[in-house]
Amino acid sequence: MIIDEGFAARTARELVSAAKVPEPGVLDELVEGMKDNALTAQDLVLDSFLLPPDHADDVRGRLAAGSVLVLDQVGWVKANAQSVNGMLDEAALPAPVGPATAKAGAVEVAGVLSLLSTRVLGQFDPFAVETGRLMFVAPAVLIAEKAMDVDPRDFRMWVALHEATHQVQFATAPWLREHMRTLLSGAVSTRLTMPGVGGIVDLFVTLGRIVKGEASIVDLIRDEKMRSALDEATAILSLLEGHADVVMDEVGAGVIPSVRKLRRRFEARRDAGQGGFLTSLLGMDLKLAQYRDGAKFVRAVRREVGQKGFSRIYAEPANLPRTAEIHEPQLWLDRVHG
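If you're wondering where the values come from, they're calculated on a predicted model, not measured in any experiment.

Caption draft 1: Inspection of the overall build of the chain at higher detail. Helix and strand counts for the chain come out as 16 helices and three strands. Counting across all 338 residues of the chain, residues that qualify as buried make up 55%. Summarising the internal contacts of the chain: among those between residues at least 6 apart in sequence, 79% fall at separations of at least 24. Accessible area of the chain: about 14800 Å², with a carbon and sulfur share of 52%.

Caption draft 2: How the structure looks around the packing of helix H2 (residues 24-48) against helix H3 (residues 53-65). At a closest axis distance of 11 Å, the pairing of H2 and H3 adopts a crossing angle of 155 degrees. With respect to H3, the element H2 is oriented roughly antiparallel. Our pair here, H2 against H3, has a crossing hand that is right-handed. Residues Gln42, Leu46 and Asp47 of H2 form the contact with H3, whose own contacting residues are Ala56, Val59, Arg60 and Leu63. Looking at the contact of H2 with H3 residue by residue, the class counts come to four nonpolar, one polar and two charged.

Caption draft 3: Local environment of the sheet that holds strand S3 (residues 133-137). The three strands are arranged S1-S3-S2 in an open sheet whose pairing can be described as mixed. Every other strand in the sheet has two partners, leaving strand S1 (67-71) and strand S2 (122-125) as the edge strands with one partner each. In this sheet, adjacent strand axes meet at a mean angle of 20 degrees when their direction is disregarded. Where S1 lies against S3, five bridges are found, and the strand directions are parallel. Considered in S3, the bridge of Leu71 is made with Val137. Against the sheet, helix H6 (residues 138-148) touches S1 and S3, its axis set at about 50 degrees to S3.

Caption draft 4: The arrangement of the pattern of salt bridges in detail. As enumerated under the stated definition, the model contains ten salt bridges in all. One salt bridge in this structure joins Asp47 and Arg60, with 3.8 Å as the shortest N-O distance. Here Asp47 is found in helix H2, whereas its partner Arg60 is found in helix H3, with 13 residues between them in sequence. On the basis of relative accessibility, which here comes to 47%, the residue Asp47 falls in the partly exposed class. Residue Glu178 pairs with Arg181 through a salt bridge whose shortest N-O separation is 3.5 Å. Here Glu178 and its partner Arg181 are both found in helix H8 (residues 176-192), three residues apart, which amounts to about one turn of the helix. Among the charged side chains, a network of salt bridges with common partners joins Asp47, Asp57 and Arg60.

Caption draft 5: Looking closely at the environment of Tyr314. Among the structural elements, Tyr314 can be located in the loop between helix H14 (288-310) and helix H15 (323-327). Linking Tyr314 and Trp175, residues 139 residues apart in sequence, is a C-alpha distance of 9.0 Å. Ignoring sequence-local partners within four residues, the contact set of Tyr314 consists of Phe49, Gln169, Thr172, Ala173, Trp175, Leu240 and His243.

Caption draft 6: Structural detail: the side chain of Arg263. Tracing the sequence through the fold places Arg263 in helix H12 (residues 259-271). Taking relative accessible area as the criterion, Arg263 reaches 11% and is therefore assigned buried. Polar contacts involving the side chain of Arg263 include one to the side chain of Asp249, which spans 2.9 Å.

Caption draft 7: Geometry of the packing of aromatic side chains. Counted by the stated rule, this structure contains five aromatic pairs. On the numbers, 6.1 Å between centres and 20 degrees between planes, the contact of Phe49 with Tyr314 is stacked. Taken together, the residues Phe49 in the loop between H2 and H3 and Tyr314 in the loop between H14 and H15 connect sequence positions 265 residues apart. As far as the burial class goes, Phe49 and Tyr314 line up, both buried. Ring plane angle 80 degrees and centroid distance 5.9 Å describe the contact between Phe297 and Trp332, whose orientation is recorded as edge-to-face. With Phe297 in helix H14 and Trp332 in helix H16 (residues 329-337), this residue pair connects regions lying 35 residues apart in the sequence. For the pair Phe297 and Trp332, a shared accessibility class is recorded, and that class is buried. Among the aromatic residues, those joined into a ring-pair cluster are Phe49, Phe310 and Tyr314. The residue whose ring lies beneath Lys103 is Phe7, and the NZ or CZ to ring-centre distance is 5.8 Å.

What counts, and at which threshold
Residues numbered from 1 in each chain as written. Predicted model: local features only at pLDDT ≥ 70, side-chain atom pairs only at ≥ 80, totals over all residues. Heavy atoms only, no water. Helix = DSSP H or I, 4+ residues; strand = E, 2+ residues; numbered from the N terminus. Buried < 20%, exposed > 50% of the residue type's maximum accessible area, 1.4 Å probe, protein only. Contact = heavy atoms within 4.5 Å. Areas by Shrake-Rupley, 256 points an atom, 1.4 Å probe, with all protein chains shown as cover. Axes fitted to C-alpha atoms, helices over the stretch in contact; angles between N-to-C directions. Parallel < 35°, antiparallel > 145°, perpendicular 65-115°, else oblique. Left-handed = near helix turned anticlockwise from the far one by under 90°. Nonpolar A, V, L, I, M, F, W, Y, C, P; charged D, E, K, R; others polar. Pairing = 2+ DSSP bridges. Salt bridge = Lys/Arg side-chain N within 4 Å of Asp/Glu carboxyl O. Polar contact = N/O pair within 3.5 Å; in protein donor to acceptor, adjacent residues only side chain to side chain. Phe/Tyr/Trp six-rings, centres within 6.5 Å; stacked < 30°, edge-to-face > 60°. Lys NZ or Arg CZ within 6 Å of the ring centre and 35° of its normal.

Nothing here speaks to function; it is geometry throughout.
So this is what it looks like as structure tokens:
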């Protein structure tokens, strides 16, 4: 275990900025409602993928095997500590991680995640368990919908559509989990073997600086192979996020009356720097412009070859877009579709 998950949770209890706890009935409604929204969103998103019937049945089976969690801030911190452990390959680290180091790493992780715990609304975690976990952070959802002054029912369904799209992406392409794990674990392992970096604790001290905008892990890596891997990971994340944005708006138009208002308010929130844990971990500035780049790529490809032609992206790793192709979709079309 690279990060002591229990210790991370205990540390988080001392660090998180506790959100106001709603009345029990309101909280119960939120938890059950988000779980129901997630299941509905899975069906709606899967239908939009236009998969062949046998493939769609396989994907439904993988979705059913996954889990939906509605967490408080501390629970989300612990869940992401588990995700880090699932993402990193301990065998690839330069030295074994002992209990003391795992606890020290947990302190750093808890500190970083506590900064994000009231901003991240939800995420799909493919790393902690093979079947994946769809997670929503209840206090962050309540804070966001109040701050943006939006209809709670519409907003919660909209968030569910975005995160469920990620779940369907990974269920459609089961190889994607290991592909991303290889890219990300290799990059972190390289960071740990760099001169002047003493181990996992130093890595997460650096992560704290990254979240504050004081450093970028991309800039700190000098190994060209690993920089290339991070560049590839950035392109994939732009694709996944852009595709999720397209789906949440297109599918949402049929089930969410205020979808246009939600988009305007949410883009303003992203411009204010509301990022996610994985992008913070990598020091990737996946803010509004890059979400839009990914969405433009998806729309451009679908205009040319339709949804079924676009779906070839999820057929094999070689079909994933490269950074240049995200910006020039015709390059991907020429390479993959000839």
